[in-house]
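# Fold and geometry: a report
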Amino acid sequence: MMWIITLYSKEAIKMFEFDTKEEAVKAYQNMDGHAFLSNIIYYNDPCFAS
């Protein structure tokens, strides 16, 4: 899994990638503009294998 922040500002659209929810939330709280925090799950990740 990974965490992505998509930031929409007047100048541009930017995306930031994080390995943990904690670091993503910390960065999200300090951003200006409209931001979306998304949890990306790869279903072919070994942790989801049966």
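Residues numbered from 1 in each chain as written. Predicted model: local features only at pLDDT ≥ 70, side-chain atom pairs only at ≥ 80, totals over all residues. Heavy atoms only, no water.

## What to know about the sheet that holds strand 3 (residues 34-40)
If you trace the 3 strands from one edge of the open sheet to the other, you get 2-1-3, paired in antiparallel fashion. Pairing within the sheet leaves two strands with one partner each, and these edge strands are strand 2 (13-18) and strand 3. Neighbour-to-neighbour, the strand axes of the sheet open up by a mean angle of 20°, direction not taken into account. Note that strand 1 (residues 2-8) and strand 3 share 7 bridges and pair antiparallel. What sits directly across from Ile-5, in strand 3, is Leu-37. (Pairing = 2+ DSSP bridges. Helix = DSSP H or I, 4+ residues; strand = E, 2+ residues; numbered from the N terminus. Axes fitted to C-alpha atoms, helices over the stretch in contact; angles between N-to-C directions.)

## Describing the pairing of strand 2
With 6 bridges joining them, strand 1 and strand 2 adopt antiparallel strand pairing. Note that in strand 2 the partner of Ile-4 across the bridge is Glu-17. Counted along the chain from strand 1 to the antiparallel partner strand 2, the turn is 4 residues long.

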